[in-house]
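If you want the building blocks of each chain, they are given just below.
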Amino acid sequence: MTDLRWFPDLWRRFDVTVRDLPLALLLAVASFLPALHDKGTQLGELPSRPFDALAFAVIALQCLPLAVRRRWPAVCLVLVSAGFALDQLHAYHTTAGTALPIALVSAGAHLERHRRVAAVLLSAAYLTLTFSLDRLGATEGPEGYVTFYLALVLAWGIGAWLRSTRAAEAERRRHVAETTRAAERTRIARELHDVVTHHVTAMVVQAEAARYLTAVPERLDATLSAVTDTGRRAIADLRHLLDLLDPGHDEDLRTPSVGELRALVEQTRRAGQPVEFTEEGSPAPSAGGAEFVAYRVVQESLTNALKHAHGSHTVVHVRFGEKEITVEVGTDGSGSRADSRAGSQTGSPGGRSASGPATAGSAGRPARPGPGPTR
């Protein structure tokens, strides 16, 4: 069997007028069929008359405007209403009269401005039509006119309901898009905070230490080189995060490897913090999200150790499991607190341990060492 799933997508690519034209042509052709003569709407109950040249024009006036019922709903409704009035006044009673409720539904759904004015004018035109039919000898009673008017009101109401439904759906999608953008901005802001805080803290500590090494050129040169390396790493991380703001960027956040975790520890050591790093096992192939969370936990914990427990012996232990990664970071609290002036007052020095699973489904901010076990 031929696969026709491509047809709906192709059809939606056409202009809306092209898509509405088949309905207009179908209704016009049906109105010309001899079997359907005198089978249309009979408002006023005037005796039907045979088709003449004017009947063909009346049918075209009612049907063809349906091709622009969504592009120009007001124009469509005016033309179709005029054709319907001529149809009833000349008692052709064509099937093309079905175009009027279709035009009303489309106007109710797609008319953007002057909707109340349009409703009042159409009601006045209908009242004029009923008086004209009555003068021509129509036998329709008031209840018939009222019933037909209520049917037209129902058609307009259906269009208005479709319009409100479409507007509600558009508002829902806009809200979802705004929520998604806000969540993405928050995520990137957290990443920027982690990167900047860690690298800048390390650079400040290294620069402060360089003041006291002017008498030892070899160590001073090594310290300044460490500051330079830290700055370059900060620039690289910031460039990566800013690349994510490019709308054409289709990559996820890169997952820090085990080698980068070791480089992070080595960078902290060069900033003057004695760090003992151990690891057990190896990352699972599908643990990319967990590795990322573990990296951020270690990064922020070491940043707080530099701020608030500078010089203290720090232990970093990472254990890779099949479904989780456990991170433990702690200090013995014996270091100097002189360098904590440059940092914020979040966290505290001392012998603390941070442990807990960092799974791919983890959410929230990496924890900071503080007065108590931290995850």
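Residues numbered from 1 in each chain as written. Predicted model: local features only at pLDDT ≥ 70, side-chain atom pairs only at ≥ 80, totals over all residues. Heavy atoms only, no water.

A.B. asks: Mind showing me how you'd approach the nonpolar core here?
C.D. replies: Counting 32 residues, the largest nonpolar core has Leu43, Leu66, Val80, Leu104, Leu133 and Trp156 as the members making the most contacts within it. Where this core is concerned, the elements lending two or more residues are α2 (16-32), α3 (53-63), α4 (73-89), α5 (99-110), α6 (115-135) and α7 (142-210). If near-sequence neighbours (up to four positions away) are discounted, Val80 is found in contact with Leu61, Gln62, Pro65, Leu66, Ala99, Leu100 and Ala103. The next biggest cluster of nonpolar side chains, apart from the first, holds 17 residues, and it includes Val265, Ala294, Tyr295 and Val318. (Core = buried A, V, L, I, M, F, W, Y, C linked by side-chain atoms within 4.5 Å. Buried < 20%, exposed > 50% of the residue type's maximum accessible area, 1.4 Å probe, protein only. Helix = DSSP H or I, 4+ residues; strand = E, 2+ residues; numbered from the N terminus. Contact = heavy atoms within 4.5 Å.)

A.B. asks: It is not clear to me how the pairing of strand β2 (residues 314-320) should be interpreted in this structure. Could you clarify?
C.D. replies: Here is the key point about a regular strand: its side chains alternate between the two faces of the sheet. β2 sits mainly inside the fold: five of its seven residues count as buried. In this structure, strand β1 (residues 275-280) lies alongside β2, joined through six bridges in parallel fashion. When the bridges of β2 are listed, Glu276 appears paired with Val315. Direction of pairing for β2 relative to strand β3 (residues 325-331): antiparallel, over a ladder of seven bridges. Looking across to β3, one finds that His317 is bridged to Glu328. Counted between consecutive antiparallel strands, the loop separating β2 from β3 contains four residues. (Pairing = 2+ DSSP bridges.)

A.B. asks: I would appreciate a short explanation of the packing of aromatic side chains in the present structure.
C.D. replies: To describe a pair of aromatic rings, one takes the distance between the centres and the angle between the planes. Evaluated as defined, the whole model comprises five aromatic pairs. Here Tyr126 and Phe148 contribute two aromatic rings whose centre-to-centre distance is 6.1 Å and whose plane-to-plane angle is 20°, an arrangement assigned as stacked. Pair noted here: Tyr126 is in helix α6 and Phe148 is in helix α7, with a separation of 22 residues, a long-range link. Arranged with centres 5.5 Å apart and planes meeting at 35°, the rings of Tyr126 and Tyr149 form a pair that is tilted. Taken together, the residues span a long stretch of sequence, with Tyr126 in helix α6 and Tyr149 in helix α7 at a distance of 23 residues. Within the aromatic cluster, the residues linked to one another by ring pairs are Phe84, Tyr126, Phe148 and Tyr149. (Phe/Tyr/Trp six-rings, centres within 6.5 Å; stacked < 30°, edge-to-face > 60°.)

A.B. asks: Would you take a moment to explain the pattern of salt bridges for this structure?
C.D. replies: Think of it this way: side chains of opposite charge can pair up when their charged atoms draw near. Within the structure shown, the criterion is met by twelve salt bridges. Linking Asp15 and Arg71 is a salt bridge whose minimum nitrogen-to-oxygen distance equals 2.3 Å. Linking Asp15 in the loop between α1 (6-13) and α2 with Arg71 in the loop between α3 and α4, this pair joins segments that are 56 residues apart in sequence. One salt bridge in this structure joins Glu279 and Arg262, with 2.3 Å as the shortest N-O distance. Of the two residues, Glu279 is situated in strand β1 and Arg262 in helix α9 (residues 258-270); the sequence distance between them amounts to 17 residues. Given a relative accessible area of 27%, Glu279 falls into the partly exposed group. On the accessibility criterion, Arg262 (46% relative accessible area) is partly exposed. (Salt bridge = Lys/Arg side-chain N within 4 Å of Asp/Glu carboxyl O.)

A.B. asks: What should I look at first to understand the confidence of the model for the chain in this one?
C.D. replies: Low-pLDDT portions of the prediction should not be read for the details of their coordinates. Per-residue confidence for the chain gives a mean pLDDT of 78; residues scoring 70 or more make up 80%. Ignoring residues within four places in sequence, the model shows residues 249-253, a span with pLDDT below 50, making nine contacts including any to other chains. (pLDDT = per-residue confidence, 0-100.)

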